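# A structural walkthrough
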Amino acid sequence: MEIFRTRKTLQDYIERQKEMGKKIGFAPTMGALHKGHISLYETARKQNDLVISSIFVNPTQFNNPEDLEKYPRNIENDIRILKESGFVDAVYIPEVADLYPEIVESKEYDFDGLENEMEGKFRPGHFNGVGTVVEELLRQVHPDNAYFGEKDYQQLAIIRKLVEKLKLPIQIHGVPIYREDNGLAMSSRNQRLSSSQRDAAKIIHETLVKVNDWFRVITVSEIYDRVKEIFEDQRGMVLEYFEIAEESTLKETDFFYKDKNYRAFIVVFVGEVRLIDNMHLD
Ligand code: PAF
């Protein structure tokens, strides 16, 4: 597996691969790799000649400096995981200046309102930060296909919008959430949970499964009440938000219309760790 630590060396490599007509699949990450990332690489491997990943903890997408500081970083372990997976041909591990040559600041984007829903309300500026780094990475890597996890479903919708608005010739693929045995969505942040917190956090997925059972059986507001009640009884957990939104606009709904698709979104603090999850309702 090739490792590129500068923009220049990456670009020489990409040029050579493009000249050979290779189809490139790209999965950007912030490291602390886990099985969820492996499932991105596995999907990319099946659809491309070459699979590239990147590892970069992007400062502009953290609205909370403590969260940025505590974000798990272990490059050597990540490189080992990438090599062992056997799915990845090259990894790009840039310095801040490779992605932000002038100033470490987000651009301002208009994602047609997607950025104002859910995470946008709780993490101001977050999606401008994601947009800035993803745009730059896509422009440097020039992939044919790019892969993102459905765990961050709003991020996935925003990246699709980014690519559409910038008219980048890249196909964006969402990869289903990879779950631990107890149902907890795989996340780099899970490393910060104690084993008892990790066990207790299974209630998040269990709640989404219940919500799916209640979908179109009881009203939206009854579902909200039941979800709130579940978390009022959980010691050491705080429900930050629960929303049922229409899948294409991500706008919260107060009624289930027949011809629309819906998804439930949830964010829970388990101790100090903020966990996010979602589920398509059917
Ligand atoms: O989902 C992530 O890991 C990050 O938000 C991404 C897409 C790599 C941008 O920093």
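Read on for an overview of the structure.

Definitions and cut-offs
Residues numbered from 1 in each chain as written. Predicted model: local features only at pLDDT ≥ 70, side-chain atom pairs only at ≥ 80, totals over all residues. Heavy atoms only, no water. Pairing = 2+ DSSP bridges. Helix = DSSP H or I, 4+ residues; strand = E, 2+ residues; numbered from the N terminus. Axes fitted to C-alpha atoms, helices over the stretch in contact; angles between N-to-C directions. Contact = heavy atoms within 4.5 Å. Core = buried A, V, L, I, M, F, W, Y, C linked by side-chain atoms within 4.5 Å. Buried < 20%, exposed > 50% of the residue type's maximum accessible area, 1.4 Å probe, protein only. Patch = residues over 30% accessible without salt bridge, like charges linked within 9 Å, V, L, I, M, F, W, Y side chains within 5 Å. Areas by Shrake-Rupley, 256 points an atom, 1.4 Å probe, with all protein chains shown as cover. Salt bridge = Lys/Arg side-chain N within 4 Å of Asp/Glu carboxyl O. Lys, Arg positive; Asp, Glu negative; His and termini not counted. Charge placed at Lys NZ, Arg CZ, Asp CG, Glu CD. Near = heavy atom within 4 Å. Polar contact = N/O pair within 3.5 Å; in protein donor to acceptor, adjacent residues only side chain to side chain. Nonpolar A, V, L, I, M, F, W, Y, C, P; charged D, E, K, R; others polar.

Sheet architecture is open: 3 strands sit in the order S7-S8-S9, paired in antiparallel fashion. Here the strands that pair on one side only, and so sit at the sheet edges, are strand S7 (237-246) and strand S9 (273-281). With strand direction ignored, the average angle separating the axes of adjacent strands in the sheet is 15°. Looking at chain direction, S7 and strand S8 (residues 262-270) are connected through 9 bridges and run antiparallel. In the sheet register, Leu 239 faces S8, and the bridge partner there is Val 268. Across the sheet, helix H11 (residues 220-232) lies against S7 and S8, angled at about 160° from S7, the strand it touches most.

Looking now at the nonpolar core. Grouped together as the largest cluster of nonpolar side chains are 42 residues, with contacts concentrated most on Ile 52, Val 134, Leu 138 and Ile 172. Leave out the neighbours within four places in its chain, and Val 134 touches Phe 148, Ile 159 and Leu 162. One finds Val 227, Val 268, Val 270 and Met 279 within the second-largest nonpolar core, a separate group that totals 29 residues.

Bringing a negative patch on the surface into the picture now. A cluster of like negative charges, contributed by Glu 222, Asp 225, Glu 229, Glu 232 and Asp 233, occupies part of the molecular surface. Take Glu 222: it is sitting in helix H11.

Our next topic: the sheet that holds strand S1 (residues 2-4). Whenever strands of a sheet pair, they do so through backbone hydrogen bonds, lying parallel or antiparallel. Read from one edge of the open sheet, 6 strands run S1-S4-S3-S2-S5-S6, paired in parallel fashion. The sheet is open, and its two borders are formed by S1 and strand S6 (171-175), each paired with just one other strand. Averaged over all neighbouring strand pairs, the angle between strand axes comes to 25°, with direction disregarded. Sheet topology note: the strand S2 (residues 24-29)/strand S3 (residues 50-55) ladder contains 6 bridges and is parallel. Across the sheet, the residue bridging to Phe 26 is Ile 52, located in S3. Most of the contacts of helix H2 (residues 35-47) go to strand S5 (residues 145-149), to which it runs at about 155°, and overall it touches S2, S3, S5 and S6.

Pro 28, Thr 29, Met 30, Asn 58, Gln 61, Val 133, Val 134, Phe 148 and Gln 155 make up every residue found near the ligand. A distance of 2.6 Å separates an oxygen atom of the ligand from a polar atom in the side chain of Gln 61. Gln 155 is positioned such that a nitrogen or oxygen atom in its side chain is 2.7 Å from an oxygen atom of the ligand. Taking 280 Å² as the accessible area of the ligand by itself, protein coverage stands at 88%. In the shell around the ligand, the residues fall into 5 nonpolar, 4 polar and no charged.

Inspection of the entire model under this criterion finds 24 salt bridges. For Glu 272, the salt bridge identified is with Lys 70, shortest N-O distance 3.3 Å. With a gap of 202 residues between them, Glu 272 in the loop between S8 and S9 and Lys 70 in helix H3 (residues 65-70) connect regions that are remote in the sequence. Given the relative accessible area of 35%, Lys 70 is considered partly exposed. For Lys 151, the salt bridge identified is with Asp 152, shortest N-O distance 3.8 Å. The exposure class assigned to Lys 151 is buried, which follows from its relative accessible area of 14%. Judged by relative accessible area, which is 28%, Asp 152 ranks as partly exposed. Residues joined in a network through salt bridges with shared partners are Asp 110, Asp 112, Lys 161 and Lys 165.

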